[in-house]
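Residue strings, one per chain:
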Amino acid sequence: MSEARQFQHIGQRTIRPDGFDKVTGRANYGADFRLPGMIWGKILRSPHAHAKIKKLDVSKAEAHPDVLAVATHQDFPSVNSEAFAAGEAMMDVLDLARNVLADKKVLYHGHAIAAIAATSEAAAAMALNLIEVEYEVLPPVMTIDAALAEDAPLLHEDMMTQGLTEPATTPSNVASRMELKKGDVASGFAEADVIVERTYETPTVHQGYIEPHATVVRYDDKAPSLVWASTQGHFDVRASVSKLLKMKLGQVKVIASEIGGGFGGKTTVYLEPVAMILSKKSGRPVKMIMSREEVFRASGPASASRSHVKIGAKQSGEIVAMEATLHFEAGAFKGSPMGPGCMTIFTPYDVPNLFVEGYDVVVNKAKVAAYRAPGAPQAEFAAEMAMNELAAKLNIDPIDFRLLNAAKEGTQTIYGPKLKEVGLVECLEAARRSPHYQSPVGEGCGRGLAAGFWFNIGGQSSVTLNLNPDGTGTIIEGSPDIGGSRASMQMMAAEVLGIEPNRLNPIVADTETLPYNQTTGGSRTTFATGMAVIEAAEDVVEQLKQRAASLWNVTAEQVDYKNGVVLNLAGDDQMTLAQICASAEKTGGQISGRGNVNARGAGPSFAVHLCDVKVDQETGKTDVVRYTAIQDAGKAIHPSYVEGQFQGGAVQGIGWALNEEYVYNSDGIMENAGFLDYRIPLASDLPEIETIIVEVPNTFHPFGVRGVGETGIVPPLGAVASAVSDAIDRPVTKIPCSPPHVLSMILNQG
Amino acid sequence: MKTHVQTEINGEAVECLIDPSTTLLNMLRNDLLLTGTKEGCGSGDCGACSVVMDGELVCACLVLGVEASGAKIETIEGVADKDQLHVIQEKFLEHAALQCGICTPGLIVSTKALLAQNPNPTEEEARYFLAGNLCRCTGYDKIIKAVMDAASVLKEAS
Amino acid sequence: MVAVTYHAPTSVDEAVALLASSDLPSKVMAGGTDLIIQMQKLVGDARLIVDLKKIEGMQTVSIDAEALRLGPSLCCAKLTRREDVKALFPGLVEAAYLIGSSQVQGRASVGGNLCNASPAADTIPALIANRAVCHIAGPEGERSVPVEDFVTGVGRNCLTAGEILTQIELPRPSARTSDAYLRFIPRTEMDIAVASAGASITLDDDGICRDARLAIGAVAPTAIIVAAASDLLIGNIITPDILAAVADAASSASQPISDRRGTAEFRRHVVGVLAKRAVSIAAERAREAV
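Got a minute to help me understand the interface of chain B and chain A in this structure?
Interface size, as often reported, equals the accessible area lost upon joining of the parts. Each partner contributes to the interface: chain B provides 45 residues, whereas chain A provides 52 residues. Taken over both partners, the interface formed by chain B and chain A buries close to 3,900 Å², and the fraction arising from carbon and sulfur atoms is 58%. Contact with chain A buries surface across chain B, with L93, Q99 and R136 of chain B losing the most and accounting together for 21% of the total. One can count five salt bridges joining chain B with chain A. In this structure, the salt-bridge partner of E688 of chain A is K145 of chain B, at a minimum N-O distance of 3.4 Å.

Printed below as a string of structure tokens:
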């Protein structure tokens with residue numbers, strides 16, 4: 001699909017089908033659901049960042065008249081360490097069980113220890129005080145350096161580093177090491193005229209979705225138990241609950257509520273298995289909602305990181321070698337996105353000699369979860385900062401420098417495949433032509449830019465498309481709609497069927513209605529679920545043709561389908577989709593199409609962001625004064641929502657670069673567990689976020705779609721920090737560029 | 001001991017029995033089943049629970065339910081006229097000013113309050129007035145465009 | 001949240017009687033934006049909440065030849081919409097406007113901000129700069145204290161059992177007098193002040209400073225009056241050199257701590273920057289104030 005194709009619906013800016021409910025308050029999110037007889041669950045959380053649980057006595061709580069059930073780790077059937085796919089990453093069942101309810105140790109401040117279900121939310125909260133816990137407090141391990149120290153306290157006394165060339169013989173806080181290479185960096189660096197080598201750091205940050213985690217669970221012995229949950233992947237909630245509680249998949253029915261943001265943070269479970277235990281023990285439906293403070297302390301933030309990067313280039317601008325060592329914090333249990341960090345860090349560049357090694361390090365913080373392009377923002381921040389410094393040293397425009405070395409079709413990636421058609425060159429050229437880049441940098445301002453790469457994934461999606469006798473229909477999909485994807489599904493089906501999109505209502509069905517659907521994540525939904533929708537719609541078209549053919553007594557090959565009408569090529573008969581549906585009763589029954597895919601060929605999406613900042617030289621305060629996000633969408637199904645993904649990713653990245661960070665005290669307690677002091681960007685903090693959609697079609701998708709959701713958060717860290725570097729004329733190596741940090745850079749160096 | 005609250009919500013007389021420690025937010029959501037008003041933080045820092053009380057925009061999580069006695073409350077459920085969306089609601093949809101939608105009820109209530117007191121805001125005024133309504137999905141760009149467009153439509157209509 | 005008993009008296013006497021006779025630990029509520037959050041964290045015995053907003057005069061504001069008289073429970077949104085108040089005390093209105101979001105301003109009041117006595121309270125430096133006086137009623141009758149004596153420590157004020165704040169009075173500024181308030185926050189809105197400065201400046205017709213009062217906030221347990229700044233300013237034309245000295249004086253007067261919102265070093269530096277900027281803006285306004 002290299003030539004532009006004319007579309008009827010795709011590329012339009014339709015009104016989303018779930019829009020009315022969302023602007024009127026009718027849409028039901030996680031906390032909006034209730035069941036008859038419902039009671040409330042609350043969780044007791046650790047006051048220590050690292051401690052052994054010497055004693056846990058719940059008897060007084062159990063005896064309280066308002067308390068209907070108490071749950072502890074002992075209520076899990078014995079589970080063993082076993083990797084299973086859940087959400088965007090592999091999960092270990094044992095780790096998950098110990099994260100959801102601590103076993104013998106608490107590993108972070110806020111770690112769940114026990115749960116109570118009581119007649120009211122207040123009663124449940126009150127009864128938590130009746131649980132008696134004795135701790136042996138251990139020193140908290142709060143940084144990569146502390147975790148790697150010779151005499152570091154161990155979070156897990158049996159954890160041996162995986163992936164070493166020689167198997168580890170003593171336990172440590174390093175869960176695993178990996179390395180990737182291409183060519184020979186030593187000989188590469190030997191050819192370099194200029195080398196930049198620095199260490200970069202990023203803090204623990206949170207996805208910051210506005211809706212706290214919430215669930216309602218009703219255990220049922222005779223029929224499937226019901227789980228209502230705010231999740232990016234209800235099929236994977238089912239898998240997790242089933243693994244933890246040893247229930248058959250068919251015994252658990254999960255309904256995905258409307259979801260109030262996730263960004264990767266709602267790809268795992270915290271409350272659902274606990275609520276299931278409480279419901280089973282109490283015989284009542286149980287509702288659990290996290291407070292905002294619990295969300296910050298005990299859901300999954302994103303890894304803090306330290307990246308050592310070395311890049312060498314010839315005077316001509318040709319990069320000859322790139323090398324990096326990445327350390328990613330995993331939180332309390334193994335499994336940071338260090339792997340994707342290693343794989344993405346240098347992928348924007350076609351360089352002969354590459355070497356990357358990564359370490360997955362456990363610390364006494366909440367277990368990290370996915371956050372939009374997990375691992376890539378941290379890693380690529382380091383690479384892009386070094387790239388800009390190198391461009392400056394070579395006295396080459398940073399866009400020209402990237403164009404000289406840009407990855408393109410055929411570039412051998414460090415992680416395996418060669419790239420197919422990709423749009424980095426097009427994004428760089430669009431950036432150079434943009435009004436933003438063409439404008440002069442304002443007085444007292446600085447400008448930065450950065451590129452970003454994310455793989456995107458495909459995977460399993462299943463869709464059913466049912467038609468009604470009047471020619472309307474329902475698209476039944478299984479991908480929780482986190483940002484308007486139902487609009488895109490509607491448009492893609494309408495495009496295939498040649499009818500108006502609003503004749504088809506897309507719904508996100510529960511786990512009993514459809515076969516397995518992978519979690520909404522990896523920017524896969526519009527791509528992979530879209531392919532299932534297209535397949536289902538094509539299935540419908542085939543059936544419509546057969547039905548008409550049978551009525552006209554011709555073969556299916558003798559009919560054509562166009563714009564919602566079947567044409568008899570052997571005569572001049574024609575029937576609309578609605579007419580065929582109306583007569584379906586007579587031609588074999590009602591019509592439905594099916595699309596079950598395991599989509600491959602998710603096209604990577606590249607982006608380039610431009611940022612201008614103004615820094616108050618007396619206070620260190622940084623204001624973003626202009627911002628442009630340029631990204632390859634393959635084909636934008638609904639351009640407004642594609643732009644929205646670019647803008648949302650950019651602004652999350654701006655927050656990460658400027659003000660967001662977990663602040664811990666010396667006891668390992670987060671001191672800013674609320675939106676007051678965990679400072680996400682506000683409307684008044686930002687300028688317009690300009691967007692440019694680049695479309696280099698993905699040949700693996702019928703309409704050319706590439707996932708767009710994640711890449712947008714990759715470039716802003718480097719773009720903003722480079723702009724700050726430019727404004728204060730100092731190299732930034734650590735984010736956030738909070739005012740105290742920036743002021744100290746201004747004051748401490750000449 | 002529970003307290004009897006008589007109030008007016010979206011023009012309708014309403015009464016309920018609540019514990020005096022209950023916030024207006026929990027009263028709306030749990031006792032009156034008006035779940036359009038959302039909770040994002042419970043501490044007045046996110047604006048998801050924005051409602052108008054006696055003409056002032058407030059966070060329902062920072063009001064006690066008992067304070068609603070004798071007051072007039074306006075929530076998201078009262079913004080549309082049956083199936084007829086308010087211009088602000090239409091503009092939010094037209095401009096794709098929502099992704100997940102959890103902040104949307106609060107933003108629409110706040111926008112209505114903004115335009116009631118300042119029908120002709122500059123973009124900067126709109127951004128500052130709405131600074132207490134956190135949105136994590138959109139980067140605010142399309143929200144502000146929807147607000148400015150709604151303002152101009154309402155101004156023409158008046 | 002802890003259990004509560006709620007009363008909304010309609011007179012000062014009734015409020016004082018309720019507070020004086022209560023068996024329960026009591027809390028006075030104005031806008032409730034601090035109180036409700038504090039109550040959520042409390043455990044144990046029930047609390048008595050006495051809501052002052054229904055008392056006559058608690059939500060009014062008037063200006064006459066002598067003074068601005070402010071009902072302590074008037075929400076900031078209503079106060080900041082008053083153009084007549086803004087014309088006389090632009091700095092006080094700036095401070096009230098900076099308290100939280102539009103939603104918080106729909107509830108939060110100057111009186112509540114003052115009584116809550118946070119070191120970072122926005123209105124306190126502005127009130128001190130304007131020589132505000134607090135009128136208090138209690139079981140023993142009425143009394144008045146200067147605002148700088150009202151706050152006695154972090155979260156503490158001079159009110160004794162049964163006493164309530166009934167009015168805040170700001171003397172009407174003389175000619176060529178104006179004020180300004182600035183605070184430093186990492187974002188543009190919503191945050192709690194990391195450092196702040198309120199200034200009131202009086203100039204004569206030649207532009208010479210005749211009166212000056214500077215108060216700084218969030219850099220000590222309570223807002224501090226920077227007396228040295230007044231000495232530097234009064235009797236002089238306000239030059240960049242004098243402003244730089246004012247900045248140093250403010251930094252020297254500060255006794256900041258390090259916390260999640262900023263380091264002591266950062267606060268000490270920034271409070272100086274804010275002080276000189278606030279003085280400069282107030283002086284600029286004073287030049288234009290008749």
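What exactly am I supposed to notice about unusual backbone geometry here?
Only a minority of non-glycine residues have a phi that is not negative, and only a minority of peptide bonds are not trans. Residue and element names in this part refer to chain A. Here the amide bond leading from I735 into P736 is cis, since omega sits at 5°, within 30 degrees of zero. Here P736 lies in the loop between α19 (715–728) and α20 (739–748). The residue A373 is not glycine, and still its phi comes out positive at about 60°. Tracing the chain through its elements places A373 in the loop between β17 (354–362) and α11 (376–394). Looking at A373, the relative accessible area reads 0%, which means it is buried.

Would you take a moment to explain the interface of chain B and chain C for this structure?
Each side of the interface is counted separately: chain B has 27 residues, and chain C has 29 residues. Carbon and sulfur atoms make up 59% of the surface buried where chain B meets chain C, a total of about 2,200 Å² over both sides. At the junction of chain B with chain C, the criterion picks out four salt bridges. Here E67 of chain B ties to K53 of chain C by a salt bridge, and the two come within 2.7 Å at their closest N and O atoms. In this structure, the connection of chain B to chain C is made through nine residue pairs in polar contact (both at pLDDT 80 or more). When residues of the side of chain B that touches chain C are traced back to their parent elements, those giving at least two are β4 (56–59), α3 (104–117) and α4 (123–129) of chain B. Counting residues per element, the side of chain B that touches chain C draws most heavily on β4 of chain B, at four residues.

How should I be thinking about the sheet that holds strand β6 (residues 133–138) of chain C in this particular structure?
Residue and element names in this part refer to chain C. As summarised here, the arrangement of the five strands in space is β4-β5-β10-β6-β7, forming an open sheet in which the pairing is antiparallel. The outermost strands of the open sheet, each flanked by one partner alone, are β4 (61–63) and β7 (141–146). Mean inter-strand twist for the sheet, computed between neighbouring axes without regard to direction, equals 20°. Here β6 pairs with strand β10 (residues 164–171) via five bridges, running antiparallel. Each residue of the ladder has a partner; that of H135, found in β10, is Q167.

What am I meant to see in the packing of helix α2 (residues 87–94) of chain B against helix α5 (residues 141–157) of chain B here?
The relative placement of two packed helices comes down to the angle between their axes together with the axis-to-axis distance. Residue and element names in this part refer to chain B. As a packed pair, α2 and α5 sit with axes 8 Å apart at the nearest point and diverge in direction by 140°. Regarding the angle of α2 to α5, the classification is oblique. Pair α2 / α5 crosses with right-handed handedness. Residues V87, I88, K91, F92 and E94 of α2 lie in contact with α5, whose contacting residues are I143, A146, V147, D149, A150, V153 and L154. A class-by-class count of the residues in the contact of α2 with α5 yields nine nonpolar, no polar and three charged.

Explain the domain arrangement of chain A to me, please; I cannot follow it from the model alone.
Residues and elements named next belong to chain A. Parsing chain A into structural domains produces domain 1 (19–26 + 458–598), domain 2 (33–138 + 211–260 + 266–298) and domain 3 (305–456 + 603–748). A separation of 36 Å is found between the C-alpha centroids of domain 2 and domain 3. Of the roughly 1,600 Å² buried between domain 2 and domain 3, counting both surfaces, carbon and sulfur atoms make up 61%. By the criterion of area lost to domain 3, the three top residues of domain 2 are L107, F296 and R297, representing 36% of everything that side buries. Taken together, the links from domain 2 to domain 3 amount to two salt bridges. For D95, the salt bridge identified is with K334, shortest N-O distance 3.0 Å. One can count seven residue pairs in polar contact (both at pLDDT 80 or more) joining domain 2 with domain 3. Mapped onto the side of domain 2 that touches domain 3, the elements with two or more residues apiece are α3 (93–100) and α9 (292–298). Broken down by class, the residue content of the side of domain 2 that touches domain 3 amounts to seven nonpolar, five polar and seven charged.

How should the confidence of the model for chain C be read in this particular structure?
A low pLDDT means the predicted coordinates there should not be read in detail. When pLDDT is averaged along chain C, the result is 96; 100% of the residues meet or exceed 70. As a predicted assembly, this complex carries a pTM of 0.98 together with an ipTM value of 0.99.

It is not clear to me how the sheet that holds strand β13 (residues 252–256) of chain A should be interpreted in this structure. Could you clarify?
By definition, the strands of a sheet pair up through backbone hydrogen bonds, in either a parallel or an antiparallel sense. Residue and element names in this part refer to chain A. Taken in spatial order, the seven strands make up an open sheet running β3-β7-β1-β14-β11-β12-β13, and their pairing is mixed. Each edge of the sheet is formed by a strand with only one pairing partner; in this case those strands are β3 (67–72) and β13. Going from strand to strand, the sheet's axes swing by 20° on average, the running direction of each strand aside. Sheet topology places strand β11 (residues 214–218) next to strand β14 (residues 286–289); four bridges connect them, and they run antiparallel. Pairing of V216 across the sheet is with K287, part of β14.

Would you mind going over the pattern of salt bridges with me for this structure?
Residues and elements named next belong to chain A. One pass over the full model with this rule turns up 74 salt bridges over all chains. The residue R98 makes a salt bridge to D95 at a minimum N-O spacing of 2.9 Å. Pair noted here: R98 and D95 are both in helix α3, with a separation of three residues, about one helical turn. On the accessibility criterion, R98 (23% relative accessible area) is partly exposed. By sharing partners, the salt bridges in this structure join R16, D18, K22, E258, D481 and R486 into a single network.

Conventions adopted
Residues numbered from 1 in each chain as written. Chains lettered and ligands numbered in written order. Predicted model: local features only at pLDDT ≥ 70, side-chain atom pairs only at ≥ 80, totals over all residues. Heavy atoms only, no water. Contact = heavy atoms within 4.5 Å. Buried area = accessible area lost by both parts, 1.4 Å probe. Salt bridge = Lys/Arg side-chain N within 4 Å of Asp/Glu carboxyl O. Helix = DSSP H or I, 4+ residues; strand = E, 2+ residues; numbered from the N terminus. Buried < 20%, exposed > 50% of the residue type's maximum accessible area, 1.4 Å probe, protein only. Polar contact = N/O pair within 3.5 Å; in protein donor to acceptor, adjacent residues only side chain to side chain. Pairing = 2+ DSSP bridges. Axes fitted to C-alpha atoms, helices over the stretch in contact; angles between N-to-C directions. Parallel < 35°, antiparallel > 145°, perpendicular 65-115°, else oblique. Left-handed = near helix turned anticlockwise from the far one by under 90°. Nonpolar A, V, L, I, M, F, W, Y, C, P; charged D, E, K, R; others polar. Domains from an automatic or database assignment. pLDDT = per-residue confidence, 0-100.

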